[in-house]
Amino acid sequence: MIRGLLSVVLYLSVIAPLGAEPLGRELEVPGPLGPLEGTLLVLQGERDLQVGRIDAERLGNATANARLVLLPDANHLLKEVTTDDRAENLDSFSNPNLPLAPGVIDSLSDFIGSAQ
C-alpha cells in the first residue's frame, strides 16, 4: 500500500510537472499485490503551496473510483490556514500546535465509514 501511495506522490510531484506522462487514461496505482482496488481519497487543501488544485482534480478524475475533497482553508499538511500570506502558510509547517483544517477529520471519517 505504501508503494502505491508513493507512486501517486511521485507522479504528482515529479512526473506530471515535467510533462513526461500526461494523465489521460485510467490511473493504475501499483500495490503490493497489483493495481489499487477500492476507492481513492484525494484531500486537497486550496491553500496548498506545493500541489495545485488542478493536479488534485486530475488525480481525482483519473480513475472512476476516486473521491476528491477540496478543503478551502487547508495547506499541504492539511493544517488550517485562513490567509493567502505565504510566510504564514510556511510557518504552519513548523507549528505542531496548529489544528487540522475544518473538514479533514470528517472527510476521513466518511471515507473510512463508507469502506466498511
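Values in this document were obtained by computation on a predicted structure and should not be read as measured data.

J.: How should the overall build of the chain be read in this particular structure?
T.: Counting its regular elements, the chain contains four helices and four strands. Listing each helix as α and each strand as β along the chain from the N terminus yields α-β-β-β-α-β-α-α. When each of the 116 residues of the chain is scored for burial, the buried share is 32%. In the chain, the proportion of contacts linking residues at least 24 apart, taken out of those at least 6 apart, comes to 60%. With the model as given, the accessible surface of the chain reaches about 7400 Å², and the carbon-plus-sulfur share is 57%.

J.: What exactly am I supposed to notice about the pairing of strand β3 (residues 40–45) here?
T.: Along a regular strand, successive side chains alternate from one face of the sheet to the other. A large share of β3 lies buried, amounting to six of its six residues. The parallel pair β3 and strand β4 (residues 66–71) is bridged by helix α2 (residues 53–61), and the resulting crossover is right-handed.

J.: I would appreciate a short explanation of the pattern of salt bridges in the present structure.
T.: Any two side chains of opposite charge can pair if their charged atoms end up close together. This model, assessed by the stated rule, comprises five salt bridges. A single salt-bridge network, built from bridges that share partners, covers E46, R53 and E57.

J.: What is the right way to read the side chain of S92 from this model?
T.: Relative to the elements of secondary structure, S92 occurs in the loop between α3 (86–91) and α4 (104–115). Look at S92 and you get buried, because its relative accessible area is 1%.

J.: Got a minute to help me understand α2 in this structure?
T.: Count 3.6 residues to each turn of an α-helix, and residues three or four apart come out pointing the same way. The set of residues buried in α2 consists of D55, A56, L59 and G60. Viewed end-on, α2 has its buried residues packed into an arc of 135 degrees, placing them on one side of the element. Of the residues in α2, the exposed ones pointing more than 90 degrees away from the buried face are I54 and N61.

J.: I keep staring at the confidence of the model for the chain and nothing clicks. Help me out?
T.: Predicted coordinates in regions of low pLDDT should not be interpreted in detail. Taken over all residues, the pLDDT of the chain has a mean of 77, while the share at 70 or more is 67%. For the chain, per-element mean pLDDT is lowest for helix α1 (residues 2–18), which scores 47, and highest for α3, which scores 94. Counting contacts from residues 1–7, a segment whose pLDDT is below 50, to residues more than four positions away or on other chains yields seven contacts. Low pLDDT, under 50, characterises residues 17–25; the predicted model gives this stretch twelve contacts beyond four residues in sequence or across chains.

J.: Help me understand the pairing of β4 in this model?
T.: Of the pairings in the sheet, the one linking β3 to β4 comprises six bridges and is parallel in character. The residue bridging L43 from the neighbouring strand is V69, located in β4.

J.: How do you make sense of unusual backbone geometry when you look at a structure like this?
T.: Backbone geometry places L78, a non-glycine residue, at a positive phi of 65 degrees. Structurally, L78 is set in the loop between β4 and α3. Given the relative accessible area of 18%, L78 is considered buried.

Basis of the calculations
Residues numbered from 1 in each chain as written. Predicted model: local features only at pLDDT ≥ 70, side-chain atom pairs only at ≥ 80, totals over all residues. Heavy atoms only, no water. Helix = DSSP H or I, 4+ residues; strand = E, 2+ residues; numbered from the N terminus. Buried < 20%, exposed > 50% of the residue type's maximum accessible area, 1.4 Å probe, protein only. Contact = heavy atoms within 4.5 Å. Areas by Shrake-Rupley, 256 points an atom, 1.4 Å probe, with all protein chains shown as cover. Right-handed = clockwise from strand over helix to strand, strands pointing away. Salt bridge = Lys/Arg side-chain N within 4 Å of Asp/Glu carboxyl O. Arc of directions from axis to C-beta. pLDDT = per-residue confidence, 0-100. Pairing = 2+ DSSP bridges.

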